[in-house]
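Secondary and tertiary structure notes
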Amino acid sequence: MATKVDTILVGSVRPLGERQARSGIAKAPVANAVELTVTGLMGDGHGDPKYHGGLEKAVHHYAYEHYQLWREIVGDRHILEQPGAFGENLSTQGLTEFDVAVGDTFRIGGAVIQVSQGRQPCWKLNLRFETDDMARKVQATGMTGWYYRVLQPGTLEPGDELDLIDRISPQWTIRRLWNAFYVDRLNIEELSQIQDIPHLPENWRSYASRRIETREVEDWTRRLQVH
């Protein structure tokens, strides 16, 4: 599996929406080579480091082919005219949540990155799209994108290829995880397997464990609605 990275994007922290929330979701393409560290691309910022960025969310990847589907869902918005609408760092075509699995390891330029988790959309997407339920729409469709951890820092540039070099758990695609958490939400067999995936971040495994224990799904309101 080799996929060309059409666009690499970074963004500084700036006020977002009428609420003026601090956010790095507005990202712009880079024209030249950029350094990737273990915490992300140089020049890329996060308004709330508690929930965004960090070792397990160093790089966000979003499939550009989803953009046409979003135009059909929310209308032909200016924000959807080019990559960056969803705060992504990498934009490609030919690779979606159906294809990518947790633990997939890619070489890109001089760096090596590993898929860590799917994106859990938050209320800042509502402000970004000026749509009250945009985060819920992203979660409901499964067109969330995914994150990488950085195994080897290095330099990358637009046009580099993502070359798949290892698959630890090809059965655990981002789409399958999404289905377990947001569709078939109390499938105990699936949750039991998820809690034992060692390369899935601890918070995701904890969600699975708590659902098994309580037979209840956590409340998503605070994450999905502006507050």
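Here we summarise the structure given alongside this text. (Residues numbered from 1 in each chain as written. Predicted model: local features only at pLDDT ≥ 70, side-chain atom pairs only at ≥ 80, totals over all residues. Heavy atoms only, no water.)

Now for the sheet that holds strand β6 (residues 40-41). Spatially, three strands are ordered β6-β5-β12 in an open sheet, and the strand pairing comes out antiparallel. Two strands bound the open sheet, and with one partner strand each, they are β6 and β12 (154-156). (Pairing = 2+ DSSP bridges. Helix = DSSP H or I, 4+ residues; strand = E, 2+ residues; numbered from the N terminus.)

A word on helix α6 (residues 202-214). Here α6 is 13 residues long and its end C-alpha atoms lie 18 Å apart, about the 18 Å a rise of 1.5 Å per residue gives. Those residues of α6 lying buried are W204, Y207, A208, R211 and I212. Relative to the axis of α6, the buried residues are bounded by an arc of 130° and lie together on one face. Among the exposed residues of α6, those pointing more than 90 degrees away from its buried face are E202 and E213. Where α6 is buried, its residues meet β10 (111-118), α4 (174-182) and α5 (188-194). After α6 finishes, the residue R215 shows a positive phi value of roughly 60°. (Expected span 1.5 Å × (residues − 1). Buried < 20%, exposed > 50% of the residue type's maximum accessible area, 1.4 Å probe, protein only. Arc of directions from axis to C-beta. Contact = heavy atoms within 4.5 Å.)

Mapped onto the fold, H66 is located in helix α1 (residues 66-74). For H66, a relative accessible area of 7% translates into the label buried. Side-chain polar atoms of H66 contact the side chain of E97, separated by 2.8 Å. (Polar contact = N/O pair within 3.5 Å; in protein donor to acceptor, adjacent residues only side chain to side chain.)

So, on to empty space enclosed by the protein. Summed over the entire model, instances satisfying the criterion amount to two cavities of 30 Å³ or more. Considering only enclosed or pocket space, the largest cavity measures out at about 220 Å³ in volume. Every residue lining the largest cavity is counted, 21 residues in all, and those nearest its centre are I25, H46, H52, G87 and R119. Grouping the amino acids of the lining of the largest cavity by side-chain chemistry returns six nonpolar, ten polar and five charged. Along its surface, the second largest cavity is lined by G118, R119, T144, I174, L177, W178, Y182 and W204. Split into classes, the residues belonging to the lining of the second largest cavity amount to five nonpolar, two polar and one charged. (1 Å grid on protein atoms, 1.4 Å probe; cavity = no way out; pocket = protein on both sides within 12 Å on 5 of 7 lines; lining within 4 Å. Points joined across faces, edges and corners; volume = space filled by probe spheres on them. Nonpolar A, V, L, I, M, F, W, Y, C, P; charged D, E, K, R; others polar.)

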